[in-house]
Amino acid sequence: MTAAEASVIPRTATIIAVSHLSADTALFSLRLEGERPHFSFVPGQFIQLSMPGGGEAPISLAAAPADDGTIELCVRRVGRITTMLHNSRSGDRVGIRGPFGNGFPLEEMTGRDILLIAGGLGMAPLRSLLHALLADRDRYGALTLMYGAREPAAILFREELVALARRTDVKLLLTVDFVREEQPAGLACNIGLLPALLAGIRFDPTSTSVAICGPPPLYGCTIGALVAAGCPEERIYLSLERRMKCGQGLCCHCAVGDLLCCTDGPVFRYGDIRNVPGAL
């Protein structure tokens, strides 16, 4: 199937595993069918997931596709299509179109320190970027992941984060809004919001590339601090994947001024959208 065909004709994928990450979020492993299941992918891109009899929705990939065509989608149950997916079982089939959009510019980030800032479900698209950075770890400088969740029970990918916390070449900083139970084993969490956590770390803004993904308030709370610290606006990359709808620039649901998240994004440089009303 050509790239043009993949944009309009869904490919069949079979659900092979479901891992529940929190009360409303699960990681779905799907295997694409066909003779050439693998496709090129840049961290930050998304696919259109279609459920038989239900329609389709844009979902960011949580990891690069494996050589055997296995892809991972981290999906929160928030509407009709995502509820249908959560009610599915291993062996059920879905449709996949894509990938679409522009991802994080790995080549531009080469040789620089990297700061990843994830809030809530924003950890899913940043996970694909994190995996890419770790796969070529020697190409990048200091690597820091800051991740904020509502509470310890809402922290996604716990086992992976525990393993990450043991590494000496990555700095992991976690924070939660509040604690109603014991903190997760193997993970030390601050209590507070991500901006407060950001204010407490030291980094060289002149040599750092920043990637941010999370709920709308996260951008306003962190970007100002980053710019004030001296981070160049063209090296602050924002994923606005939450806005997308059709994935092909037809419905204009994801318009950001004269730009469209699904075709011009979903990853944007802050400098390119700073003056666009309503972008953030």
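This text follows the structure it describes.
Residues numbered from 1 in each chain as written. Predicted model: local features only at pLDDT ≥ 70, side-chain atom pairs only at ≥ 80, totals over all residues. Heavy atoms only, no water.

(A) Inspection of the packing of aromatic side chains at higher detail. Under the definition given, this model contains one aromatic pair. Note on Phe46 and Phe100: the rings are 5.7 Å apart at their centroids and 40 degrees apart in plane angle, and the pair reads as tilted. Of this pair, Phe46 sits in strand E3 (residues 46-51) while Phe100 is found in strand E6 (residues 93-100), placing the two residues 54 residues apart along the sequence. A residue is classified by how much of its surface remains accessible, and Phe100, at 8% relative accessible area, is buried. (Phe/Tyr/Trp six-rings, centres within 6.5 Å; stacked < 30°, edge-to-face > 60°. Helix = DSSP H or I, 4+ residues; strand = E, 2+ residues; numbered from the N terminus. Buried < 20%, exposed > 50% of the residue type's maximum accessible area, 1.4 Å probe, protein only.)

(B) Region of interest: the environment of Leu260. Along the chain, Leu260 turns up in strand E14 (residues 259-260). Separated by 175 residues in the primary sequence, Leu260 and Leu85 place their C-alpha atoms 27 Å from one another.

(C) Quick peek at the pairing of E6. A large share of E6 lies buried, amounting to six of its eight residues. As paired strands, strand E1 (residues 11-20) and E6 are joined by four bridges and run antiparallel to one another. What sits directly across from Ala13, in E6, is Val94. (Pairing = 2+ DSSP bridges.)

(D) Seen up close, the pairing of strand E12 (residues 236-239). Side chains Ile236 and Leu238 of E12 all project onto a buried face; the interleaved residues Tyr237 and Ser239 project onto the opposite face, where all are buried too. Of the pairings in the sheet, the one linking strand E11 (residues 208-213) to E12 comprises three bridges and is parallel in character. Paired with Ala211 across the strands is Tyr237, a residue of E12. The parallel pair E11 and E12 is bridged by helix H7 (residues 216-229), and the resulting crossover is right-handed. Across three bridges, the pairing between E12 and strand E15 (residues 267-269) is antiparallel. The residue bridging Leu238 from the neighbouring strand is Phe268, located in E15. (Right-handed = clockwise from strand over helix to strand, strands pointing away.)

(E) Geometry of the sheet that holds strand E4 (residues 55-60). Reading across from one edge, E4-E3-E6-E1-E2-E5 is the order of the six strands in this open sheet, with antiparallel pairing throughout. Both edges of this open sheet fall to E4 and strand E5 (70-76), since each of them pairs with a single strand only. Each neighbouring strand pair of the sheet contributes to a mean axis angle of 40 degrees, computed without reference to strand direction. Bridge count for E1 against strand E2 (residues 25-32) is seven bridges, and the pairing is antiparallel. Within E2, the residue paired with Ile15 across the bridge is Leu30. (Axes fitted to C-alpha atoms, helices over the stretch in contact; angles between N-to-C directions.)

Interpretation in functional terms is not warranted from these geometric data alone.
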